[in-house]
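# Architecture and fold: a report
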Amino acid sequence: GAVVSQHPSWVICKSGTSVKIECRSLDFQATTMFWYRQFPKQSLMLMATSNEGSKATYEQGVEKDKFLINHASLTLSTLTVTSAHPEDSSFYICSARGLAEAAYEQYFGPGTRLTVT
Amino acid sequence: GQNIDQPTEMTATEGAIVQINCTYQTSGFNGLFWYQQHAGEAPTFLSYNVLDGLEEKGRFSSFLSRSKGYSYLLLKELQMKDSASYLCAVIPGDDYKLSFGAGTTVTVRA
């Protein structure tokens, strides 16, 4: 089945630094990747949609200059949290959808736990 | 915005049945999903409904009524490992973006 990986699985960084999270589709080509954020005991909130070779589209209220998304290849998308602050501490999850997938199929990565101190 | 409502918490006994309801008011409808999420892990796909009716898959069943904006997830023969959060999600548009409900935490007790 389709597998999506994320790296790192957890990261601790100091306030003001930047952190990059990778999302990879391991056995299929992901034309579209979605980035979500989940705070404790809350649901997933879509941050942005990333299409290979084009600029990401951000949901309302998400700062595109703070959360940089790059989808340079059909198997890799990256999310960079720039100048991280403690309020950015969250669980970041990506999902991927490929060309050959049925309309509804979207595969989730295992998530990255970010803690900003 | 999209409005997807589900109960916050439910508790049931091992071996019993639990039904998790989800109501939605969205700008459009291209399918409803149920996901299971254990603490600290990513969601795993349980079911997808786009037409009215009941979809059964082993111990889990999902029902949809588009006219009522309503779905439920039925968990039968509950096991301890079913203790998790269950997320209802809708694709309102043609762009495959998922809108999630807040999730229902199910606790299974012995």
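This text follows the structure it describes.
I will try to describe carefully the structure that is included in this document. (Residues numbered from 1 in each chain as written. Chains lettered and ligands numbered in written order. Predicted model: local features only at pLDDT ≥ 70, side-chain atom pairs only at ≥ 80, totals over all residues. Heavy atoms only, no water.)

When helices and strands are tallied, chain B shows zero helices and eleven strands. In sequence order, chain B lays out its α and β elements as β-β-β-β-β-β-β-β-β-β-β. Each principal axis of the C-alpha atoms in chain B carries an extent, and together these give about 40 × 30 × 20 Å. Each of the 110 residues in chain B was classed as buried or not, and the buried ones make up 46%. Within chain B, residue pairs in contact and separated by at least 24 positions form 54% of the contacts whose partners lie at least 6 positions apart. As displayed, chain B offers around 5300 Å² of accessible surface, 47% of which is attributable to carbon and sulfur atoms. Positive and negative side-chain charges in chain B, numbering 8 and 11 respectively, have mean positions lying 2 Å apart. (Helix = DSSP H or I, 4+ residues; strand = E, 2+ residues; numbered from the N terminus. Buried < 20%, exposed > 50% of the residue type's maximum accessible area, 1.4 Å probe, protein only. Contact = heavy atoms within 4.5 Å. Areas by Shrake-Rupley, 256 points an atom, 1.4 Å probe, with all protein chains shown as cover. Lys, Arg positive; Asp, Glu negative; His and termini not counted. Charge placed at Lys NZ, Arg CZ, Asp CG, Glu CD.)

Across all of its chains, the model carries 15 aromatic pairs over all chains by this definition. Ring geometry for B:Tyr70 versus B:Tyr72: centroids 6.1 Å apart, planes at 55°, classification tilted. For B:Tyr72, a relative accessible area of 16% puts it in the buried group. Clustering of aromatic rings is evident, with ring pairs tying together A:Tyr36, A:Phe108, B:Phe33, B:Tyr35, B:Phe45, B:Tyr48 and B:Phe100. Its end group placed over the ring of A:Phe67, A:Lys66 keeps NZ or CZ at 5.9 Å from the ring centre. For the cation-ring pair, A:Arg97 lies above B:Tyr96, with the distance from its terminal atom to the ring centre recorded as 3.5 Å. (Phe/Tyr/Trp six-rings, centres within 6.5 Å; stacked < 30°, edge-to-face > 60°. Lys NZ or Arg CZ within 6 Å of the ring centre and 35° of its normal.)

Tallied over the full model, the rule gives two disulfides over all chains. Covalently, A:Cys23 is tied to A:Cys94 through a disulfide, its sulfur atoms 2.0 Å apart. Linking A:Cys23 and A:Cys94, the disulfide has an S-S dihedral of approximately 80° and is accordingly described as right-handed. One end of the pair, A:Cys23, is in strand β3 (residues 19-25); the other, A:Cys94, is in strand β9 (residues 90-98), and 71 residues separate them in sequence. One exposure class covers both A:Cys23 and A:Cys94, and it is buried. The disulfide bridge from B:Cys22 ends at B:Cys88, spanning 2.0 Å between sulfur atoms. One quick way to see it: the torsion about the S-S bond of B:Cys22 and B:Cys88 is about -70°, and its sign makes the bridge left-handed. A residue pair is termed long-range when its members are at least 10 positions apart, and B:Cys22 in strand β3 (residues 18-25) and B:Cys88 in strand β9 (residues 84-90) qualify at 66 residues. Exposure class is identical for B:Cys22 and B:Cys88. Each is buried. A:Cys13 carries a free sulfur, and the closest cysteine sulfur to it, the one in A:Cys94, is 18 Å from it. (Disulfide = S-S within 2.5 Å.)

This paragraph deals with the interface of chain A and chain B. Contact residues are listed per partner, giving 20 residues for chain A and 17 residues for chain B. Summed over both sides, the interface between chain A and chain B buries roughly 1400 Å², with carbon and sulfur atoms accounting for 62% of that surface. Where chain A meets chain B, there are one salt bridge. A salt bridge links A:Glu59 to B:Lys97, with the nearest nitrogen and oxygen atoms 2.8 Å apart. Taken together, the links from chain A to chain B amount to five residue pairs in polar contact (both at pLDDT 80 or more). Mapped onto the side of chain A that touches chain B, the elements with two or more residues apiece are β4 (30-38), β5 (45-51) and β9 of chain A. The residue inventory of the side of chain A that touches chain B, partitioned by class, reads ten nonpolar, seven polar and three charged. (Buried area = accessible area lost by both parts, 1.4 Å probe. Salt bridge = Lys/Arg side-chain N within 4 Å of Asp/Glu carboxyl O. Polar contact = N/O pair within 3.5 Å; in protein donor to acceptor, adjacent residues only side chain to side chain. Nonpolar A, V, L, I, M, F, W, Y, C, P; charged D, E, K, R; others polar.)

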